[in-house]
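Single-letter residue listing:
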Amino acid sequence: MVTAKVWVLKKHFEGFPKTSDFDLKKIELPNLKDGELLLESVFLSVDPYMRPYSQRDMKEGDIMIGTQVASLTAYFGLLEVCKMKPGETVLVNAAAGAVGSVVGQLAKIGGCKVVGCAGSDYKVDYLKKIGFDEAFNYKTVISLDEALRKASPDGYDCFFDNVGGEFASTAINHMKKYGRIAVCGAISQYNDSVPQKGPYVQVPMIFKELRMEGFIVTSWNNRWEEGLKALLKWVMEGKVKCHEQVTEGFENMPRAFIGMLKGENLGKAIVKV
């Protein structure tokens, strides 16, 4: 009999997750049957989507699980939802994260101008290093509205939204006519105890004839091999660069998860078991 360690959701999150919301336990794994094999985890992923999914799909006492699909999320969200075209301008927020950083690089490969925002000057420098045309720190600008206008006075054809909330409400007013918005995440709202209220999007949606679509990457399960081959090719060619924020130790999974939700990571947040 093999013993494994697991992190259990001890208590549903109220507002921002706390380390006390998790419990580290040992479980005994069943004996292997014919045709089965046992794998040992070397690295594990922590991602923003785990926060709303745990609230929606898990009950207290369940084992925390996660799947790493950031690059595929960027690939299909940009190509199939935003449907970017060469010469267009693409806006992406949370741009120094696992998804956003890949979105920006794929948009550059596709011949677009790319504008990104992040939460620190260090992250902004990183975005410029990997090829973003414009980047700004949303925490230090005097006016988000003015920062978006300055970065692209003519507006945006595509907006890849990982944040939601106030940023999305402001950005939608800078979309060009017939612009497309891919709603990938809403990390600014995941930890709210009280739901945020307006402003509302209907007026700019109508008069600019915008298309806004939420998506989950599993919609393209039958095309993952296509996406992985394309992404691997670009990585090997040096056109897509990936940064990993590594936390050492399985016992530090909650700390890595909470830190990721606070924006402490640059690129992909992973845990080395």
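Now for a look at the structure at hand.

Basis of the calculations
- Residues numbered from 1 in each chain as written.
- Predicted model: local features only at pLDDT ≥ 70, side-chain atom pairs only at ≥ 80, totals over all residues.
- Heavy atoms only, no water.
- Helix = DSSP H or I, 4+ residues; strand = E, 2+ residues; numbered from the N terminus.
- Rg over C-alpha atoms; globule rule 2.2 N^0.38 Å.
- Buried < 20%, exposed > 50% of the residue type's maximum accessible area, 1.4 Å probe, protein only.
- Contact = heavy atoms within 4.5 Å.
- Lys, Arg positive; Asp, Glu negative; His and termini not counted.
- Charge placed at Lys NZ, Arg CZ, Asp CG, Glu CD.
- Core = buried A, V, L, I, M, F, W, Y, C linked by side-chain atoms within 4.5 Å.
- Pairing = 2+ DSSP bridges.
- Axes fitted to C-alpha atoms, helices over the stretch in contact; angles between N-to-C directions.

A look at the overall build of the protein chain
Each helix and strand in the protein chain was counted, giving nine helices and 11 strands. Radius of gyration (C-alpha) of the protein chain: 20 Å, near the 19 Å computed for a compact globule of 273 residues. Projecting the C-alpha coordinates of the protein chain onto the three principal axes gives extents of approximately 65 × 45 × 35 Å. Classification of the 273 residues of the protein chain by burial places 47% in the buried group. In the protein chain, the proportion of contacts linking residues at least 24 apart, taken out of those at least 6 apart, comes to 67%. Separation between the mean location of the 35 positive side-chain charges and that of the 33 negative ones in the protein chain comes to 2 Å.

A short note on the nonpolar core
Formed by 40 residues in total, the largest nonpolar core has its most connected members in Leu 78, Leu 106 and Leu 127. Mapped onto this core, the elements with two or more residues apiece are α2 (70-82), β4 (89-92), α3 (98-109), β5 (113-118), α4 (121-129), β7 (156-161) and α8 (224-236). Broken down by element, the residue count for this core peaks at eight residues, all from α2. Once residues lying within four places of it in the same chain are set aside, the contact partners of Leu 106 are Ala 74, Tyr 75, Leu 78, Met 84, Leu 231, Trp 234 and Val 240. Of all hydrophobic cores here, the second largest spans 19 residues; its members include Leu 91, Cys 117, Ala 151 and Ala 168.

Some words on the sheet that holds strand β9 (residues 211-214)
The six strands lie next to each other as β6-β5-β4-β7-β8-β9, forming an open sheet whose pairing is parallel. Whereas interior strands pair on both sides, the edge strands pair on one side only; in this sheet they are β6 (134-137) and β9. Strand-to-strand twist across the sheet, computed as the mean angle between neighbouring axes with direction ignored, equals 15°. Looking at chain direction, strand β8 (residues 175-183) and β9 are connected through four bridges and run parallel. Residue pairing in the sheet places Ile 181 in a bridge with Met 212 of β9. The strands touched by helix α5 (residues 144-151) are β4, β5, β6 and β7; relative to β6, the strand with the most contacts, the crossing angle is about 165°.

Quick look at the environment of Gly 155
Assignment of secondary structure puts Gly 155 in the loop between α5 and β7. Residue class for Gly 155 comes out buried when judged on its relative accessible area of 6%. Between the C-alpha atoms of Gly 155 and Ala 171, which are 16 residues apart in sequence, the distance is 9.2 Å. Those residues within four positions of Gly 155 in sequence are excluded, and the remaining contacts are Thr 89, His 174 and Lys 176.

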